[in-house]
Amino acid sequence: TPVRAVSFAMVAKKPRVVVVGAGISGLAAAHRLCGAGGDRFEVAVVEAGDRVGGRILTSEFAGHRVEMGATWVQGVVGSPVYALARDAGAIGEEGGGLPYERMDGFPDRVLTVAEGGEVVDADTVAGPIEELYRGMIEAARDGEAGGGGGVEEYLRRGLRAYQAARSAGGGGKELEEVDEALLAMHINRERTDTSADDLGDLDLTAEGEYRDFPGEHVTIPGGYSRVVERLAAALPPGTVRLGLRLRRLKWGGTPVRLHFADGAPPLTADHVILTVSLGVLKASLGNKDTAGVGAAAIAFDPPLPPFKREAVARLGFGVVNKLFMEVEAVAPSEPEDVAGVQPAAAGFPFLHMAFRGHVSKIPWWMRGTESICPVHAGSTVALAWFAGREAAHLESLPDDDVIRGAHATLDSFLPAAPRWRVRRIKRSGWATDPLFLGSYSYVAVGSSGDDLDRMAEPLPRGPDAAADERPPSPRLLFAGEATHRTHYSTTHAAYLSGVREANRLLQHYRG
């Protein structure tokens, strides 16, 4: 009968899933749904930008393949990201055969130099301050730090205790100055690892929950973009749609309605997996004072519930930028040694910089970086990492000002001949990119790992009911690095969270 025909059509209709964002998280979710789900779902991935990859972006500079965003695979044993890179032919000889960012056995010659050009001897560098820093960070990661608060105060308490114990045996202000400079160098490294502008804002207790995969940390010779390109290529043709910027999400009922910028036709879906950055979510709640917020914000209708809004507000989301510099040695009239090595012959050194706070021509934003180093041994491309306010300021400067700042720094730390000059630069700009508004998340003081779990909770939220009661159909699901409790801030978290939300839908329909 006609009634039965209509009934059958309703049952046979495929659930439609729209994934917002074609970074590794969104592509992983779509890949899982299209694979394990067979032909069960109708899947679309909408991406605001003109490319797949999100915060993964491999580029070219001065004849080198360089990563503008995600760089490291944090552990290879059991890592799904490393497996994808290997399967894509991006590892080893298949990855291009060239030395690649920090993965050619280098550095074999590290210089730690104090501001003004004084080389710090290796025993001092690898001495008590290094041991103190590593020991305290390991204790924090093992959950043995005790107390709460921020990471920087924890580290400085340790330094004060060490200096107090040492004072009985002598040692004056100059020694303390070296201690402070070396600790500041480690703090700058930790800032780029975590994206926290100030380690005082980085929650000490949460450090005990973060996990890497076992094994070494590696970069990908064939380029990180090969990973996301492989995921995208495995999807049915037409699944990924570029240039669709989400402006309004009406999720209060079924179907969910997605409205886009620039007059693009709206879409409807049974389920939406949202993989936008925490920075975009903060902008959407009016909690981020950043250029481009208006273009980035998503209007949620109805507004996100308080538990979700509060988690978004409490968690930290910082910016990390990379500055690549093509360098050349200016031949001296009378060659000089630096720590007994001819720099021109050996190439640009791996330079750790211990800033002492001297009044000099080095601009303040350069003082936030821990090192300047070649991307691999013998390379003419040097790299410096920046976090927080220094990273954001770097984006605002014209190239000439950046080059002048780099020259002032090199002249102070490598005053001996030959002098190094910067020919041209390339830099990332994640803070002002309206599709991201930053780089990756961290657990801020006042937040906790529980907020990462709240970020992952789908909407509508399940009622407090009996364990055997079927939960409501998840209309709005959340994935991305800021939704994973133990691997947050990494591509591992992004990938795993995308698979997690796809599995949530698979389980829902199996149930």
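These numbers were taken from a predicted model, which means no experiment stands behind them.

Observations concerning the confidence of the model for the protein chain
Looking at the protein chain, pLDDT values average 88 and 88% of them are 70 or higher. Every residue in residues 1–11 is under pLDDT 50, and counting partners more than four places away or in other chains gives zero contacts. Under a pLDDT of 50 for its full length, residues 334–344 has, in the predicted model, 21 contacts with residues more than four places off or in other chains.

Brief notes about the pairing of strand β15 (residues 350–354)
With five of five residues buried, β15 lies mostly within the body of the structure. By the alternation rule, side chains of β15 split into F350, H352 and A354 and L351 and M353, which are all buried. Of the strand pairs in this sheet, strand β5 (residues 110–114) and β15 are connected by five bridges, and their pairing is parallel. Bridge pairing in β15 places V113 opposite M353. Here β15 runs beside strand β16 (residues 371–374); their pairing, made up of two bridges, is antiparallel.

Side note on the sheet that holds strand β17 (residues 381–387)
In space, the seven strands of this open sheet follow the order β6-β5-β15-β16-β17-β14-β18, with mixed pairing throughout. In this open sheet, the two edge strands, each paired with only one partner strand, are β6 (118–119) and β18 (419–427). Across two bridges, the pairing between β5 and β6 is antiparallel. Paired with A114 across the strands is E118, a residue of β6. Its contacts with the sheet put helix α13 (residues 388–396) on β14 (320–330), β17 and β18, and the angle it makes with β17 is roughly 120°.

What to know about the nonpolar core
Counting 40 residues, the largest nonpolar core has L249, L258, V272, L274, F300 and L476 as its most contacted members. In terms of residues, this core owes the most to one element, helix α9 (residues 278–284), which gives four residues. Other than its neighbours up to four places away in sequence, V272 contacts V18, V20, L249, V256, L258, R475, L476 and L477.

Focus on the pairing of β17
Counting buried positions along β17 gives six out of seven residues, so the element sits mostly inside the fold. Both β14 and β17 contribute to a ladder of seven bridges, which runs antiparallel. Residue N321 lies in a different strand from β17, and its bridge partner there is F386. The pairing of β16 with β17 spans two bridges and is antiparallel. Considered in β17, the bridge of C373 is made with L383. Linking β16 to β17, which pair antiparallel, is a turn of six residues; within it G378 sits at a positive phi near 80°.

Let's talk about the sheet that holds strand β9 (residues 256–260)
Taking strand neighbours across the sheet as the criterion, the four strands line up as β10-β9-β8-β12 in an open arrangement whose pairing is mixed. Sheet topology places β10 (267–269) and β12 (299–301) at the edges, where each strand pairs with a single neighbour. Ignoring strand direction, the axes of neighbouring strands in this sheet form an average angle of 20°. Bridge analysis of strand β8 (residues 246–250) against β12 gives three bridges, and the strand direction is parallel. Residue pairing in the sheet places L249 in a bridge with F300 of β12.

Cut-off values and rules
- Residues numbered from 1 in each chain as written.
- Predicted model: local features only at pLDDT ≥ 70, side-chain atom pairs only at ≥ 80, totals over all residues.
- Heavy atoms only, no water.
- pLDDT = per-residue confidence, 0-100.
- Contact = heavy atoms within 4.5 Å.
- Buried < 20%, exposed > 50% of the residue type's maximum accessible area, 1.4 Å probe, protein only.
- Helix = DSSP H or I, 4+ residues; strand = E, 2+ residues; numbered from the N terminus.
- Pairing = 2+ DSSP bridges.
- Axes fitted to C-alpha atoms, helices over the stretch in contact; angles between N-to-C directions.
- Core = buried A, V, L, I, M, F, W, Y, C linked by side-chain atoms within 4.5 Å.

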